[in-house]
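Commentary on secondary and tertiary structure
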Amino acid sequence: MRVLLSASLGFVFLPAQAQDDPSMLTIDRIFQSGEFYGQYFRGANWAEDGESFTQISYGQDGPGVYKIDPISGEKTEIISSAQLTPKGSEKPLSVANFTWSHDKSKLLIYTNTKRVWRANTRGDYWVLDLNSDKLWQLGADLPESSLMFTKFSPDDQFVAYGSKHDVFVEDLSSAERIALTDNGTDDIINGTFDWAYEEEFFCRDGFSWSPNGDKLAYWQIDASDIEDFLMINNTDSVYSYVIPVEYPKVGETPSSCKIGIISAKGGETTWLNIPGDPRQNYLPRMKWADDGQHVMVQQLNRKQNTLKVWWCDVNTGEAENIYTDQDEAWIDLVEGIRWMDEGKAFSWVSQKGGWRQLYKVGLDGSEELLTPGEYDMISIASWEADDLYFIASPSNATQRYLYKVDIGSKKREAKLISPAEQAGTHSYNIAPGGKMAVHTYSNANTPAMTEIVSLPKHKTEKVMVDNQKLKETLATLKPTPIEFFQVTTEDGVTMDGYQMLPPDFDPNKKYPVLYNVYSEPAGQIARDAWGGRNGMFHRMIAQQGYIVISMDNRGTPAPKGRAWRKAIYQNIGIINIRDLGMAAKEINKWDYVDADRIAVWGWSGGGSATLNCLFQYPEIFKTGMSVAPVANQLFYDNIYQERYMGLPQEEMEPFVKGSPVTHAANLEGNLLLVHGTGDDNVHYQNAEVLINELIKHNKQFQVMPYPNRSHGIYEGENTSRHLFTLLANYLMEHNPPGAK
């Protein structure tokens, strides 16, 4: 084993002419020059009338809030930098986000933010009263940057917020603060969630006001029995110190979770009496009913294949099971539930019919299919009366389009709204009323453009961002065109993929291949969308004479129906690797592919897939670069891994068979292993256990630890540049570029 302690930032294993040729990409150009940073449109906060939006803009004096006419582009300042400047300060607040009160008389300002695991969800909050021009800080005597998820009460007289794992209500007129909970610790977590709930259920905001503002519902997590995984910081002090993370590994009992109802004035909590062991079930979603007397709670069992809906009385805590959805594999949570029929029914998304479809479910358990047809409704974009706008792509799983269906009609036929001639990926922020939208479009060869469109005709009203400068810069580069293809394996599996071809590609010559893989249920990689930073890195690699290929195997979340997605159940590291290996085997038969120069790389789940490709199919994959991989599936968190693999207590074999460390003895080619020692998601433990196994079998490889870097390996000066330099150097040294 050769340990790479560093990679020279001044040297990239590229032909000399590439460093001075303006038509060629380099690592430094991608990560330092700023030439390839695309423009983007700042999020639009649509007004309730759907005819204007508000946005933060920065001028010479600092930030201000502007009302913008989406068609004319006319900007009207409604809050100045001076109004955002605290008394006694010379600088205005740096606004990360803002929220209007319901009556639009106050602005809630989020600033001085800090990261909690993945997102910046704690910080300081200020209120600006537009009638008096008074600006003041909420919870000013609480620790700096400790407030979380602050929100106005329905009558705008109070705010609620979390701090240090407790929930508070503050009176905006008197500044009097009431502690609704006072037992928050590192283990007892009120109003937010522990690591596993946040990472795998995307649970962050853990409390909400009742419709009339007299009560709040909040989550309480008890992580007392969750063991700490200890990360070690060796570099930031003379003596090392540990960083504990409450992290439930596969097979370990989850945190206990319950939901409580409490008066906004404080007092005793009424806990919802939802049946089932709270340590063997999850409560990841909750929604107030319009009557303010009930909340709907989604309860997911430990194996995550049964999803129960509970109708809970907030006064007594009693719960009634009004609906149950099940799947032989796993079942997805339902997002964005909407009350229907004056609160007598609700919307529900299910794959029970073989596709992801929308249903109306009555409180009496009745159900009606609202989106019939053999296609997946990927997500809801807008819903006004009977007009349902949603994202789907029935004929091409690599793309995304806006469709509309009249759910009040008998046929309920989906109508394409996105322009058919704009093949690729479309996304929308639709205004209230459904008449206007911010529309963003890109494809694999075209950077994103953003415009204002009127619906349903999809008429362009104003182009907001065209990325013309980036397009012109790209036009000066030697082209690396991306082409989409399908490949059918000997198992009869047809996979979507794309290939990025070298400049001056000659189909009569043979080229090396670099596969970029992910392969797990958390992400689809072969998308007809602009690729950003990784896309530019791949373009640089292609310019050196490689074919870059990405493919999506069974089990990836492509809109190809339930059977496609659920095929990977209890098969991570098995069926997905089989698909990738057999697809590569077919591609090796292409006339222009050099089967002796096949490399693969990926990050996280893609890092795991890289290892498994190298170990399980060494006759196909000759070189691999694995970043932050799960080497042993038993080392990952219980919510994710048990969802897709079942419980190891019931069946251990799939976990063992699908883990790269099991097959490490088969390594024949070149391996570069990269991992951050401060990775709280996929622990560095994975790297060290794999290193030991490779040493045991006398397998030579290279490893690069990044001290104290997290799963994204980006913290610290030059880190991303260094990492991608390392990857490029390793690839070109061990899997030489160029046609033969």
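Going along each chain's sequence as written, the residues are numbered from 1 onward. Whole-chain, interface and lining totals are the exception, using all residues; otherwise, since this is a predicted model, local features are given only for residues with pLDDT of at least 70 and side-chain atom pairs are given and counted only at 80 or more. As a rule here, side-chain values come from all non-hydrogen atoms in the structure, and water together with hydrogens is ignored.

A few words now on the overall build of the protein. Along the backbone of the protein there are 11 helices and 44 strands. Dimensions of the protein, computed from C-alpha atoms along their principal axes, come out at roughly 75 × 70 × 60 Å. Whether a residue is buried, partly exposed or exposed follows from its accessible area with a 1.4 Å probe, protein chains only, as a fraction of its type maximum: under 20%, in between, or over 50%, in that order. Within the protein, the proportion of its 740 residues that are buried is 58%. Taking the intrachain contacts of the protein between residues at least 6 apart in sequence as the baseline, contacts between residues at least 24 apart amount to 58%. As displayed, the protein offers around 30,500 Å² of accessible surface, 47% of which is attributable to carbon and sulfur atoms. Numbered from the N terminus, helices here are DSSP runs of H or I no shorter than four residues, and strands are runs of E no shorter than two. Note on contacts: a residue pair is in contact if any heavy atoms of the two residues lie within 4.5 Å. Surface accessibility in these figures is a Shrake-Rupley result with a 1.4 Å probe; residues are shielded only by whichever protein chains are displayed.

Axis geometry follows a simple rule: fit a line to the C-alpha atoms, using only the stretch in contact for helices, then measure angles between N-to-C directions, giving values from 0 to 180 degrees. At a minimum axis distance of 12 Å, the contact between helix α4 (residues 532–543) and helix α11 (residues 719–734) shows a crossing angle of 30 degrees. One way to sum up the angle between α4 and α11 is to call them roughly parallel. The element α4 and its partner α11 pack so that their crossing is right-handed. Only S720, F724, L727, A728, L731 and M732 of α11 make contact with α4, whose side of the interface consists of R533, N534, F537, M540 and I541. Considered class by class, the residues forming the contact of α4 with α11 number eight nonpolar, two polar and one charged. The cut-offs work like this: below 35 degrees is roughly parallel, past 145 is roughly antiparallel, 65 to 115 is roughly perpendicular, and the gaps in between are oblique. Each crossing gets its handedness from the near helix: less than a right angle anticlockwise from the far helix is left-handed, clockwise is right-handed. Residues are grouped as follows: nonpolar covers Ala, Val, Leu, Ile, Met, Phe, Trp, Tyr, Cys and Pro; charged covers Asp, Glu, Lys and Arg; every other residue, Gly included, is treated as polar.

A word on the sheet that holds strand β29 (residues 379–384). Between any two strands, pairing holds if DSSP finds at least two bridges. The strand order across the open sheet formed by four strands is β29-β30-β31-β32, and the pairing between neighbours is antiparallel. Strands at the two margins of the open sheet, each flanked by one partner only, are β29 and β32 (415–416). The pairing of strand β30 (residues 387–392) with strand β31 (residues 401–406) spans six bridges and is antiparallel. Within β31, the residue paired with Y389 across the bridge is K404.

The next subject is the packing of aromatic side chains. A pair of Phe, Tyr and Trp rings is counted when the ring centres sit within 6.5 Å of each other, with Trp represented by its six-membered ring. The angle between the planes then sorts it: under 30 degrees is stacked, over 60 is edge-to-face, the rest tilted. Applying the stated rule across the entire model yields 33 aromatic pairs. Taken together, a centroid distance of 4.9 Å and an interplanar angle of 90 degrees make the contact between F505 and Y592 edge-to-face. Here F505 is found in the loop between β38 (494–500) and β39 (511–516), whereas its partner Y592 is found in the loop between α6 (575–587) and β41 (593–603), with 87 residues between them in sequence. Site record: aromatic cluster; members linked through ring pairs are F31, F537, W601, W603 and F724. A ring is considered to have a charge above it if a Lys NZ or an Arg CZ atom is located within 6 Å of its centre and within 35 degrees of its normal. The residue whose ring lies beneath K151 is F207, and the NZ or CZ to ring-centre distance is 3.4 Å. Looking at K258, its charged tip hangs above the ring of W271, at a distance of 4.1 Å from the centre.

Per-residue confidence for the protein gives a mean pLDDT of 95, with 97% of residues at or over 70. Residue-level confidence of the predictor, termed pLDDT, takes values from 0 up to 100. Confidence drops under a pLDDT of 50 for residues 1–13, and excluding neighbours within four residues, the segment shows 33 contacts in the predicted structure.

Moving on, we get to helix α10 (residues 685–696). For a helix, the expected span equals 1.5 Å multiplied by the number of residues minus one. Over its 12 residues, α10 extends 17 Å from the first C-alpha to the last, a length consistent with the 16 Å expected when each residue adds 1.5 Å. Turning to α10, its buried residues are N686, A687, L690, I691 and L694. Take α10 and look down its axis: the buried residues cluster within an arc of 130 degrees, on one side only. Set apart from the buried face of α10 by more than 90 degrees, the exposed residues are N692 and K696. Elements in contact with the buried residues of α10: α7 (605–616), β43 (670–676) and β44 (702–706). Of the residues one or two after α10, N698 is the one with positive phi, at around 55 degrees. Here the arc refers to the set of directions running from the helix axis out to each C-beta atom.

Another aspect to go through is the pattern of salt bridges. Put simply, a salt bridge is a Lys or Arg side-chain nitrogen that is within 4 Å of an Asp or Glu carboxyl oxygen. On inspection of all chains with the given rule, the structure shows 29 salt bridges. In this structure, D327 engages R562 in a salt bridge whose closest nitrogen and oxygen atoms are separated by 2.8 Å. A residue pair is termed long-range when its members are at least 10 positions apart, and D327 in the loop between β24 (319–326) and β25 (339–340) and R562 in helix α5 (residues 562–566) qualify at 235 residues. On the basis of relative accessible area, D327 is assigned to the buried category, the value being 12%. Note on R562: relative accessible area 21%, which makes it partly exposed. A salt bridge links K404 to D387, with the shortest nitrogen-to-oxygen separation between them at 3.3 Å. Taken together, the positions of K404 in strand β31 and D387 in strand β30 put the pair 17 residues apart, joining distant regions of the chain. The structure contains a network of salt bridges with shared partners spanning D341, K360, E368 and R412.

It is worth spelling out the nonpolar core at this point. In globular proteins that are soluble, nonpolar side chains generally tend to be buried together. Judged by nonpolar contacts, the single largest core of 77 residues is most densely connected at Y197, V295, V297, F346 and W348. Ranked by residue count, the leading element in this core is strand β23 (residues 306–313), at five residues. As used here, the term nonpolar core means buried Ala, Val, Leu, Ile, Met, Phe, Trp, Tyr and Cys residues forming a set that is joined through side-chain atoms within 4.5 Å. Membership of the second largest hydrophobic core comes to 46 residues, among which are M582, I587, I598 and I620.

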